[in-house]
Amino acid sequence: MEELDLLKKAWQKDTQSFQQVTENEIYKMLHKNSSSSVKWILIISILELALWTLMNVIFNADEYIKQMHAEEMMIYLKVLNYINWAVILWFIYRFYTNYIKISTTNSTKQLMHDILKTRKTVQNYVWYNLGMVVVSSVLGFVMAFLYSPDLGLIKDQIAQDEGNGTIIKIVCMLSLVMIVFLVIFWLFYKLLYGFLLRRLSNNYKELKKIDL
Amino acid sequence: MSETLEQSFVKQLKENQNIVHKICRLYTADSDAHNDLFQEITIQLWKAFPKFRGESKFSTWAYRVALNTAITLYRKSTRSVNTVTYEAQQHFFVQDEYNHEEEERLKLMYQAVQQLNDIEKALVYMYLEDKDYTEIAETLGISEVNARVKMNRIKGKLIKILNP
């Protein structure tokens, strides 16, 4: 293509058209903050990891279980708790190793792959925690139903029911609350990471398309 | 007297800054965005510099980091997306040895290149810098054959843009 080669000639000769940056200006730039998408992913990821780990510390169910006199359930919850912590530590380790791998000297495709993988780990961590929220809510409800004296009134009502009207209503309501909760989270994530990564994911798709 | 790492980096970047400028010009539409990207590339280069062992030339290493920054890490401010202003290239084509007609053709060609997407621009950049397909493929992480095929497609696309 003739035009492109014309441009190539002009391009290679061109050394004068840029305002040159001085050494001093470069020194100043070195101490400025990066605004790269990876930096933002790192910050947000650490906040997410911290937030969910904190939630696990704060919402300790032990007291609640004692109140309900459901001590026989304790052992199961303890096991669940240990498994939970092992999974959390594994996620944090994975996130760290993924992040370390990100390097601008890799090929463009590899770099994008590494960035998207790091993000995916954190995303999976968040989904895991949401899953745990759902599981423990269901467990909590069942336990409350079996042990808590506060729910006596509802139990009476269910016992009086001809069909299963009341229990169906309760289950529907709880499911609805959880679905709304999950959808809000999902939207939040779409927006947050969509904003940060739209360009990168588009370019990654484009690059993968070339190699098909 | 031995140079510190920082001194050596700043010196080499200053000497090779046109590499970064050229990438900035290709990926940004105005001088604010140009300076923004230049700064981000400088930071990324500095971050990666300890890993640069001088096996390749500074320029070869630097353009790769700069391209990666432009394509993957840099977040364009929304105002400059898809609005190509041509102020940045005003000086570019004012070179004595070109006649007026050639200058016009160059301008149109450059405008056509500006309309390509990020990945296509990277290929064109390396083509203009006279990199061979082995290096182009390696830099992007695709196969050499596919790099060639893609470059031919880009040429076709440019012809279409120039002759609508």
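Residues numbered from 1 in each chain as written. Chains lettered and ligands numbered in written order. Predicted model: local features only at pLDDT ≥ 70, side-chain atom pairs only at ≥ 80, totals over all residues. Heavy atoms only, no water.

- As recorded in an unreviewed UniProt entry, chain B goes by Sigma-70 family RNA polymerase sigma factor and comes from Flavobacterium solisilvae.
- Checking UniProt for chain B, the heading Sequence similarities (unreviewed entry) contains the comment "Belongs to the sigma-70 factor family. ECF subfamily." (UniProt positions renumbered as here; feature names shortened; annotations may be inferred.)

**Regarding the UniProt feature "transmembrane region" (unreviewed entry) in chain A**
Residues and elements named next belong to chain A.
Turning to step 1, where the next piece is worked out: As recorded in UniProt, the feature "transmembrane region" (unreviewed entry) lies at residues 38-59, 79-96, 125-147 and 167-189.
Turning to step 2, where the next piece is worked out: Secondary structure across residues 125-147 divides into 100% helix and 0% strand, with the first and last C-alpha atoms of the span separated by 32 Å.
Turning to step 3, where the next piece is worked out: For residues 167-189, the end-to-end C-alpha separation is 33 Å, with 100% helix and 0% strand making up the annotated structure. (Helix = DSSP H or I, 4+ residues; strand = E, 2+ residues; numbered from the N terminus.)

**Digging into the packing of aromatic side chains**
Turning to step 1, where the next piece is worked out: Within the structure shown, the criterion is met by 21 aromatic pairs over all chains.
Turning to step 2, where the next piece is worked out: Ring centres 5.5 Å apart and planes at 70° place the aromatic pair Trp90(A) and Phe91(A) in the edge-to-face group.
Turning to step 3, where the next piece is worked out: The interplanar angle of 40° and the centroid separation of 5.9 Å between the aromatic rings of Phe91(A) and Tyr128(A) together place this pair among those described as tilted. One end of the pair, Phe91(A), is in helix 5 (residues 74-101); the other, Tyr128(A), is in helix 6 (residues 108-147), with 37 residues separating them in the sequence.
Turning to step 4, where the next piece is worked out: Clustering of aromatic rings is evident, with ring pairs tying together Trp52(A), Phe181(A), Phe185(A), Phe188(A), Tyr189(A) and Tyr193(A).
Turning to step 5, where the next piece is worked out: Over the aromatic face of Tyr127(B) sits the side chain of Lys8(A), whose NZ or CZ is 4.4 Å from the ring centroid.
Turning to step 6, where the next piece is worked out: Of note, Lys39(A) hangs over the ring of Trp40(A), and the distance from its end group to the ring centre comes to 6.0 Å. (Phe/Tyr/Trp six-rings, centres within 6.5 Å; stacked < 30°, edge-to-face > 60°. Lys NZ or Arg CZ within 6 Å of the ring centre and 35° of its normal.)

**Thoughts on the side chain of Asn146(B)**
Turning to step 1, where the next piece is worked out: Structurally, Asn146(B) is set in helix 8 (residues 144-162).
Turning to step 2, where the next piece is worked out: A distance of 3.1 Å separates the side chain of Asn146(B) from the side chain of Ser143(B), its partner in a polar contact. (Polar contact = N/O pair within 3.5 Å; in protein donor to acceptor, adjacent residues only side chain to side chain.)

**Let's talk about unusual backbone geometry**
Turning to step 1, where the next piece is worked out: A positive phi angle is found at Asp130(B), which is not glycine, with a value near 65°.
Turning to step 2, where the next piece is worked out: When its relative accessible area of 51% is taken as the criterion, Asp130(B) is described as exposed. (Buried < 20%, exposed > 50% of the residue type's maximum accessible area, 1.4 Å probe, protein only.)

**What about the domain arrangement of chain B?**
All names here are of chain B.
Turning to step 1, where the next piece is worked out: Partitioning chain B into domains gives domain 1 (1-87) and domain 2 (93-164).
Turning to step 2, where the next piece is worked out: Listed by partner, the interface residues are 15 residues for domain 1 and 15 residues for domain 2.
Turning to step 3, where the next piece is worked out: Approximately 1500 Å² of surface area, both sides summed, lies buried where domain 1 meets domain 2, with 58% of it carried by carbon and sulfur atoms.
Turning to step 4, where the next piece is worked out: Two residues, lysine 22 and glutamate 129, come together in a salt bridge whose shortest N-O distance is 3.9 Å.
Turning to step 5, where the next piece is worked out: Our enumeration of links across domain 1 and domain 2 arrives at 7 residue pairs in polar contact (both at pLDDT 80 or more).
Turning to step 6, where the next piece is worked out: When contributions to the side of domain 1 that touches domain 2 are tallied by element, the ones reaching two or more residues are helix 2 (17-27) and helix 4 (58-73).
Turning to step 7, where the next piece is worked out: Along the lines of polarity and charge, the residues of the side of domain 1 that touches domain 2 split into 9 nonpolar, 2 polar and 4 charged. (Domains from an automatic or database assignment. Contact = heavy atoms within 4.5 Å. Buried area = accessible area lost by both parts, 1.4 Å probe. Salt bridge = Lys/Arg side-chain N within 4 Å of Asp/Glu carboxyl O. Nonpolar A, V, L, I, M, F, W, Y, C, P; charged D, E, K, R; others polar.)

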